[in-house]
Every structure is written in C-alpha cells, then in structure tokens.
Amino acid sequence: MKEFREIKSISQMHHLLGLNKPMHPAISLVNMKDVKLSKELFNQKYIWDFYMISLKFENCELQYGRQYYDFEEGTLVFSSPGQVFEAKKQPETLNENGWALYFHSDLIQKSDLGKNIKSYGFFSYKSNEALHLSEKEKEKISRCIDAIEDECQQNIDKHSQTVIVSNLELLLNYCNRFYDRQFYTRSTHQQDVVEKIEELLVNFYNTDNSIQQGIPTVKFCADQVNLSPNYLSDLLKKETGKNTQEHIHFHLIEKAKNLLLSSNASVSGIAYDLGFEYPQSFGTLFKKKVGMSPNKYRQLN
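Below: a short report on this structure.

Basis of the calculations
- Along each chain, the written sequence defines residue order, and numbers are assigned to residues from 1.
- The predicted nature of this model means local features are confined to residues of pLDDT at least 70 and side-chain atom pairs, given and counted, to a pLDDT of 80 or more, with totals for whole chains, interfaces and linings taken over all residues.
- The side-chain figures draw on all heavy atoms in the structure; neither hydrogens nor water molecules are used.
- Working definition: helices are DSSP H or I runs of at least four residues, strands are E runs of at least two. Numbering for both runs from the N terminus.
- Remark: exposure states derive from per-residue accessible area (1.4 Å probe, protein chains only) relative to the maximum for the residue type, with buried under 20%, exposed over 50%, and partly exposed in between.
- Residue contacts are defined here by distance: any two heavy atoms, one from each residue, within 4.5 Å place the two residues in contact.
- Accessible surface area values rest on a Shrake-Rupley calculation with a 1.4 Å probe, where residue burial reflects the displayed protein chains alone.
- For two strands to pair, DSSP has to find at least two bridges joining them.
- Here an angle of 0 to 180 degrees is reported between the N-to-C directions of two axes, which are lines fitted to C-alpha atoms, with helices fitted over the stretch in contact.
- Buried residues of nine kinds, namely Ala, Val, Leu, Ile, Met, Phe, Trp, Tyr and Cys, make up a nonpolar core once their side-chain atoms join them within 4.5 Å.

### Let's talk about the overall build of the chain
A tally of helices and strands in the chain yields 13 helices and ten strands. Buried residues in the chain amount to 45% of all 301 residues. Put simply, 72% of the contacts in the chain that link residues at least 6 apart link residues at least 24 apart. Accessible surface for the chain amounts to roughly 16200 Å². Of this, 45% is attributable to carbon and sulfur atoms.

### Focus on the sheet that holds strand β4 (residues 51-55)
Spatial ordering of the open sheet is given by β2-β9-β4-β7-β10, a layout of five strands whose pairing is antiparallel. Taken across any chain shown, the strands that pair with only one partner, and hence form the sheet edges, are β2 (27-31) and β10 (131-132). As paired elements, strand β7 (residues 75-79) and β10 share two bridges and run antiparallel to each other. Looking at β10, one finds that Thr75 is bridged to His132. Against the sheet, helix α4 (residues 135-152) makes contact with β2, β7, β9 (99-103) and β10, and its axis sits at roughly 120° relative to β2, the strand it touches most.

### As for the nonpolar core
Formed by 50 residues in total, the largest nonpolar core has its most connected members in Ile53, Leu76, Leu101, Phe123 and Leu171. With nine residues, helix α5 (residues 160-185) is the single largest residue contributor to this core. Setting aside anything within four residues of it in sequence, one finds Leu76 in contact with Ile53, Ser54, Leu55, Trp99, Ala130, Leu131, Leu133, Ile141 and Cys175. If you look at the next biggest cluster of nonpolar residues, it comprises 18 residues, including Leu16, Leu17, Phe85 and Tyr102.

Shown next as structure tokens:
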C-alpha cells in the first residue's frame, strides 16, 4: 500500500509543483502554464491541509477520493482539507488556461467566511459532481480570480487579508449561485434521483431492514445513488424543499404512525423495531415532527 504524503503548507505545494515561493503564505493562485511536471508528482497519494478550487486540468486523469475524473474545459472542482488525491497519469503538457487556487484555513479563521465555510457544501462534493460553467459564468469567476491574484502580488499590509477574504467570499457565493443554476438545468436527472431516494426509503421501511440495519444514514442513501452526502442533500433541498435527513425522518415517522395504530406493541418496542437504540430518542423525534408524543398520538387516533 502506498504511503500518503501530507502537504501542510502552501509553500510545500509550490515546491512540489516546481514553483517559486508563494507571494502570500496562506493563499496562492497557481497557473498551470507555470507548473513544472516531474515524475515525483505522479503515482503518489497526497493529503493536503488546505482548500482548493481548480479549473480545467485538461488531459490530466486525477483520482479524487475513490473516483477518477478526466477534467474538461470549463469545470470547477473543489476540495477541503484532509482530502486524498492521486495523480495517475502524467500528461505531456498541462493546458495553459488551467489554474488552481489554494487557501489555508488560517487565512479565514477569524473572519465571517471562516465561521460559514461549512455552508459551502460543494467542498465535500465528489469530483464527478463538478461545477460546469457557462461562458458568462467563467467570466465572472475569472474576474474574482484576477482580483485575488492582484491582491496577493501586492505588498502585504493590514488591509491585505480583509481584501483577499472579501474577494474569496464573493467567488464562493458565485459558485453557490452557479450550482443552483446547475441543479435547475439538470432537472430531469435530479428528479430521477428524487424518485430513487423515495423508492429506496419506501422499500426500506416496508421490510425489516430497520430492525436489522438501524435508521438509514444520509451516507447510506447517497451511496445508493452514487452521490456525495452533501450533494444529495443539496439536490433534494432544491427539488423538494427537504434535505436527505428530512426525507429519512418523514418515512420513519410515517412507519411509526402505522405501527402505533395497527399494533399493540409498546412504544419502546416500536422504537427498537425502527432502529432506535434509545426509546427516548424516538419519543423526542416523534414529538418534534408530529407535535405530540407517540402515546398521545395513539390515544387520539
């Protein structure tokens, strides 16, 4: 088994790519035309301790997590600290229009962006859930990137970090908007996913799976449709107004109602049958979703 090589700083990343030291210690825009390819880069697994946004690694087959992806023109891919990468195929050249923006969590730690970074779910999407940009969208992204690059090349002063983080936040907000557009323009595919999840949960609660496997997790549902948990939840939220967890809870509560009214089993017994380790947890969830306790629901119906 190959050992992982941990890249802890932007400076280490620059060294790996054959670049000069970065202008800023916590953020760097790397243009593919400047990268010096070496055999050292390939057939090696990497974990790096920073965020990455990359555009158009054309002709480069990259393994991201467990997925392989051939990057196409006009696609953005995101990753967060702790992700595993492996470059499997060394291209003769890298496309000159490609770039990668790396930034360390230290850059945003004390800012509002640092507090809200988890809300940008696309940093946890799979590589095959990349953002495909239109020409106008690429222009807006490019303006943000140019502004960040320009500020990084200035002498660092007390305003540098604020300006850089502001432009970075604008970039991420644009990405949120463009992902919304992508969800809507792929509505047929998204609806297929919704139907598969609904069918999955209906079948799950029509069998004894809950007794054997417990309550289905968001990851379990995502794996069944070959999507990342964050991407699936965002997709369902756009299509139905409810995320994956809410869909799971809806079907669980419907099954609970049926059991409460069609059997004489105790509430504790029903809780265990539904996959709850503790009956109190079932009671709390039921009351939150229905507005009354399981016993009260049974008495009134």
